[in-house]
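Residue-level structure breakdown
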Amino acid sequence: MKDGNKIFSHQDRAPRISEASNLNYDLIVIGGGITGAGIILDAALRKMKVLLVEKNDFASGTSSKSTKLIHGGLRYLKQLEFGLVRETGKERAVAHENICHLVHPENMLLPIVEDGTFGLLSATMAIKIYDSLAGVKPEQRKRRLSKKEVLSEEPLIKESRLKSGIVYAEYRTDDARLTTELIKAAVRNDAEAFNYMQVDNIIIEKGKAVGIACTDHTTGSKQNFRSKAIISATGPWVDKVRQLEDPKVESQLHLTKGVHIVLDKKDFPINNAIYFDAFDGRMLFAIPRAEIVYVGTTDTTFKKDLDNPHCDESDALYILNAVNNFFDIKPIEIHQIKSSWSGLRPLIQQKGKGPTELSRKDEIFNSESGVMSIAGGKLTGFRKMAKRIVDLAENKLSFSSNGCQTKNYKIHQNPFKDYSSFKKWIKNSEKKFGHLYDKEDIRDVCYNFGKDSTLIFEESAQNNNNLVLGQLKYCIQKESVFHPLDFFERRTGWLYFKIDHVRKNLNKVVNHMNEVLKWPPNMKQKILEDIHQAIANNSLVKFKAKIDTQ
Ligand code: FAD
C-alpha cells in the first residue's frame, strides 16, 4: 500500500491491535530503536508480513541518546577495526541520499595538540584511510589547517598546546527522528508497529517460538501476537529478553553509559563541530546546534537500572572539566548546564577489555526456540545490520523475495531530490511563512519534518498561527505520540535543545493531548509529574542546588 496520507495514531490503535492479534505474522520484531526500525523496514520492503512492538515510545532507549552522528568512527581505526569503519563509513552517504533532511553534512574540526590522541602524522594517515575506506568524494576529503587557521576558525581553543588542525567530513542526524521515519516508512509499506507494547514472554509451542505475550501500557490489557519468526532488537535489554526464555542463559552484553550535556552557545560560543582531547586520553565531541552546543560523551561500565541511566554529578563534571581545560573561556559551572541525556551502549562482552576498548561490532545470537537477537553495532550501520538479520530470517522461513531493497529506498514519503533542494525549501518556507512564525522555528520544523513541514505550517495557520499545536497535531496523527514526552523529547528534541519551549508549552500540550487521546482517569496528573521529573533530571537541578548552596 502506498498511501501517503496513512494515519499512524493512537486514535485507531484498538482496531489495529485487534486485527494484529488475529494474524500469524512472518516476522515479529521486538524493540523500536534504530535496529528494530531498520529491520521492520527491510522486512516490509521484502513484502514480509511484519509487526514491531516497543515497550515505551519508539526510540526511547539508546536511539535517542547518541551523539547523533552518522559517522565511521575515526577512533576505531586506532583499534584496527577496518571492517567496521569501512561499513559505517560507506553507510553515511547512503543515509544522506535516502533521507537528506535528517542526515546533514557536518565538517568536523580535529585540533592537533601537544601530547594529544592524534599527532599530525597519525591524524593525516587515519583520515586518509578513513576517507578512502568510506569512499568519500575527493571534494569532501580532509583539509589541513595551520595553527593560525585553526585559531581563526575557533579563537577559543587554548593556544599553548595547539599545533595545527584537520577538517574532515561527517554527517549529523536526529537519531530519534530517523528511527521514527524508518518505522513510518515500514507502516506505509503495510507493516504494523505499536509503541507502549511490552513483551512479557515468548510463547513457545513444541519447543518452537510461535509468538509473544505482551502488556499494552496504554490500557494495561494483555495481548498475544503470533508469528513464524521472531527477532529481538532490544539493545541494552537483549540479555533480559533472552532470559525470558531461559533465565540461566549467559549474558552476552557489556553495557556502558554515555552522557551528553547541553550548554548555552553564549557560554560556549564555538563555530564548528569539534572533536577534541579530554585530559585523560579520551576524546569528546562539541557540536553546535542553533542556540546551544552539546558535548559528550562519557564511556563507563553500567550495572544499574537499565530504564534510568541518569547523568551523575561526576559525569557532568568530567565533561565540564574537559571543556574548561581545552578552551579559553570563563569556566563553565554545573548550574549553567541547560539539559543533558544519558544512554547505554549495548556492547558485546570481550574478556579483559575496558569500556573504551570494546568493539562496536554487532552480533546475532540464536535461542533454542529459534528467537534471533541482534545487539552491538552503531546507529550509522543500522541498514546493514538489518540486512544481515533479515537475510537470515528469510532463509529460515524459506520466504521468497527480491532481497534487500533499502539501499536506494527514499525513507520519507515526500523526499527531497537532493540536499540543495532541501536548503531551497527552507528558504522558501521562510519567505512564505516568515510573516507568521519565527524564522528559527520555521527552520526547526523543516529540519524535523522535511516536506511535511508545509502540512504543519498550513494546519497551524488554521489554528491562530499556533505552530506548537500544528506540530503536535501532526505527531498525534502520523507519528503515534501518546505521552507528551514522546513529543517534547523524541519528535521535536525540545527537552534537550529548547527546554524553555517545553516549560512554556507544557500545559497547552498536555491539555490538548488529554482531550484528543482521552487518557484514562488520573493519568493527566501522573503525566505532569513525569514531565517535571524529566525536566529536573535532564537539567540536573539536584546538582545545581548543591552548588548554589555552597
Ligand atoms: P535501543 O535504541 O536501545 O532500542 C531497543 C529498544 O527495545 C528500546 O527502545 C526498548 O525500550 C525496547 N525494548 C526493550 N525490552 C523490550 C520488551 N521487553 N518489549 C518491547 N520492547 C522492548 N552510533 C552512531 O552511529 N553514531 C553516534 O554518534 C553514536 N553515539 C552514541 C553515543 C552514546 C552515548 C551511545 C550510548 C551510543 C552511541 N551510538 C552511536 C550507538 C547507537 O546509539 C546504538 O548502537 C543504537 O542506538 C542502538 O540501537 P538499538 O535499536 O539496538 O537499541
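The coordinates are above.
The following paragraphs examine the structure supplied in this document. Since we're looking at a predicted model, the values are computed, not measured. (Residues numbered from 1 in each chain as written. Predicted model: local features only at pLDDT ≥ 70, side-chain atom pairs only at ≥ 80, totals over all residues. Heavy atoms only, no water.)

Right, let's talk about the layout of surface pockets for a bit. Volume-wise, the second largest pocket comes out at about 1,000 Å³. If you trace the second largest pocket, you find 39 residues lining it, with Asn56, Asp307, Asn308, Leu485 and Arg490 closest to the centre. Those elements that place two or more of their residues in the lining of the second largest pocket are strand 16 (339–348), helix 14 (484–491), helix 15 (494–497) and helix 17 (523–538). Among the elements that line the lining of the second largest pocket, the one with the most residues is helix 17, at eight residues. Residues belonging to the lining of the second largest pocket are distributed by class as follows: 15 nonpolar, 15 polar and nine charged. (1 Å grid on protein atoms, 1.4 Å probe; cavity = no way out; pocket = protein on both sides within 12 Å on 5 of 7 lines; lining within 4 Å. Points joined across faces, edges and corners; volume = space filled by probe spheres on them. Helix = DSSP H or I, 4+ residues; strand = E, 2+ residues; numbered from the N terminus. Nonpolar A, V, L, I, M, F, W, Y, C, P; charged D, E, K, R; others polar.)

Two side chains with opposite charge may pair up if their charged atoms get near one another. Counted under the stated rule, the structure contains 39 salt bridges. A salt bridge links Lys338 to Asp500; the nearest nitrogen and oxygen atoms lie 3.9 Å apart. Taken together, the positions of Lys338 in the loop between helix 8 (313–326) and strand 16 and Asp500 in helix 16 (residues 499–517) put the pair 162 residues apart, joining distant regions of the chain. A relative accessible area of 25% means that Lys338 is categorised as partly exposed. With a relative accessible area of 46%, Asp500 lands in the partly exposed category. (Salt bridge = Lys/Arg side-chain N within 4 Å of Asp/Glu carboxyl O. Buried < 20%, exposed > 50% of the residue type's maximum accessible area, 1.4 Å probe, protein only.)

This part takes up the packing of helix 13 (residues 467–478) against helix 16. At their nearest, the axes of helix 13 and helix 16 sit 11 Å apart, and the two run at 35° to each other. Once helix 13 is placed against helix 16, the crossing between them reads as right-handed. Counting all contacts with helix 13, which are made through Val468, Leu469, Leu472, Lys473 and Ile476, the residues of helix 16 involved are Asn505, Val509, His512, Met513, Val516 and Leu517. Among the residues making up the contact of helix 13 with helix 16, the classes are represented as eight nonpolar, two polar and one charged. (Axes fitted to C-alpha atoms, helices over the stretch in contact; angles between N-to-C directions. Left-handed = near helix turned anticlockwise from the far one by under 90°. Contact = heavy atoms within 4.5 Å.)

For the ligand, the set of nearby residues contains 37 residues, the closest of which are Thr35, Glu54, Ser63, Leu69 and Thr380. One nitrogen or oxygen atom from the main chain of Val199 is found 3.0 Å from a nitrogen atom belonging to the ligand. Between the ligand and Lys378, the relevant distance is 3.5 Å, taken from a nitrogen atom to a side-chain nitrogen or oxygen of the residue. Here the ligand loses 97% of its free accessible area of 1,000 Å² to cover by the protein chains. The residue makeup of the shell around the ligand, split by class, is eleven nonpolar, 20 polar and six charged. (Near = heavy atom within 4 Å. Polar contact = N/O pair within 3.5 Å; in protein donor to acceptor, adjacent residues only side chain to side chain. Areas by Shrake-Rupley, 256 points an atom, 1.4 Å probe, with all protein chains shown as cover.)

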